[in-house]
Amino acid sequence: MRKTNIAVFASGTGSNFSAIVSAVKTGMIKANIPLLICDNPEAPVIKKAVRAKIRVVVIAAKDFSDRDQFEKAIIEVLRGCGIDLIVLAGFMRILSPAFVKRYPSRIINIHPALLPSFKGAHAIRDAFEYGVKVTGVTVHFVDEKTDHGPVIMQEPVRIENGQTLKRLGQIIHKVEHRVYPRAIALLLRGRLRVRGRKVVC
Ligand code: GAR
């Protein structure tokens, strides 16, 4: 049986991308990563993919007349690479419901908070400023809504008295780098089933 082909979508630093690539190298994730889709030509993740000898396709939304055309370009690349699973790792663009429907239970995302709390692009800061005592990390299937969909894995992170936002960010990222590869490996073992809103093992 051929290995699952994963496309990682990322827009920025790519620390989660690197964690996933390392987990593929060690054999923890039994899959290939033939493709990185990046929507930001300046993103540091691009260099990381080049170093890892992973094909990078930069598709910037501003080069297209609308989201439909932008997504059509992405779909064409995904088809060409025989992609089975899309892993969003800091991809700061909202995929349309039509795009998501095309890949049922085949798009996953990581979010740096305990969903459904603190959705959006600044979850770590928002949780910190709100003053919650516990935040965390969520890996979930992607549905038609933003930072929404059946939860695969969550890990809490306590916010200690006097902790800085910078330190919290470091801790959250460290947790992400451990949790995301584990969630992907579990998914690839074929043990997860989505029943309504819930993921069961
Ligand atoms: C990660 O913290 C990820 O959870 C977050 O973007 C960061 C990307 O970091 N994603 C979201 O906020 C999605 N709403 P990275 O580029 O170093 O992997």
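What counts and what doesn't
- Residues numbered from 1 in each chain as written.
- Predicted model: local features only at pLDDT ≥ 70, side-chain atom pairs only at ≥ 80, totals over all residues.
- Heavy atoms only, no water.
- Axes fitted to C-alpha atoms, helices over the stretch in contact; angles between N-to-C directions.
- Helix = DSSP H or I, 4+ residues; strand = E, 2+ residues; numbered from the N terminus.
- Parallel < 35°, antiparallel > 145°, perpendicular 65-115°, else oblique.
- Left-handed = near helix turned anticlockwise from the far one by under 90°.
- Contact = heavy atoms within 4.5 Å.
- Nonpolar A, V, L, I, M, F, W, Y, C, P; charged D, E, K, R; others polar.
- Near = heavy atom within 4 Å.
- Polar contact = N/O pair within 3.5 Å; in protein donor to acceptor, adjacent residues only side chain to side chain.
- Areas by Shrake-Rupley, 256 points an atom, 1.4 Å probe, with all protein chains shown as cover.
- Domains from an automatic or database assignment.

(A) Summary view of the packing of helix 1 (residues 15-26) against helix 6 (residues 165-188). Helix 6 packs onto helix 1 with a crossing angle of 50° between their chain directions and a minimal axis gap of 9 Å. The angle between helix 1 and helix 6 falls in the class oblique. The handedness of the crossing between helix 1 and helix 6 is right-handed. Contacts between helix 1 and helix 6 involve S15, N16, A19, I20 and A23 on the former and, on the latter, E176, H177, Y180, P181 and I184. In terms of residue class, the contact of helix 1 with helix 6 is made up of 6 nonpolar, 3 polar and 1 charged.

(B) Representation of the site of the ligand. Surveying the vicinity of the ligand reveals 13 residues, the closest of which are G14, S15, N16, H111 and E176. Contact between the ligand and G14: an oxygen atom at 2.7 Å from a main-chain N or O atom of the residue. At a separation of 3.1 Å, a nitrogen atom of the ligand approaches a polar side-chain atom of H111. In isolation the ligand has 450 Å² of accessible area, and contact with the protein removes 91% of it. Sorting the residues of the shell around the ligand by element identifies helix 1, strand 5 (107-111) and helix 6 as the ones contributing at least two each. Summarising the domain contributions, the shell around the ligand has at least three residues from each of domain 1 (1-103) and domain 2 (109-201).

Spatial relationships are all this shows, so hold off on functional conclusions.
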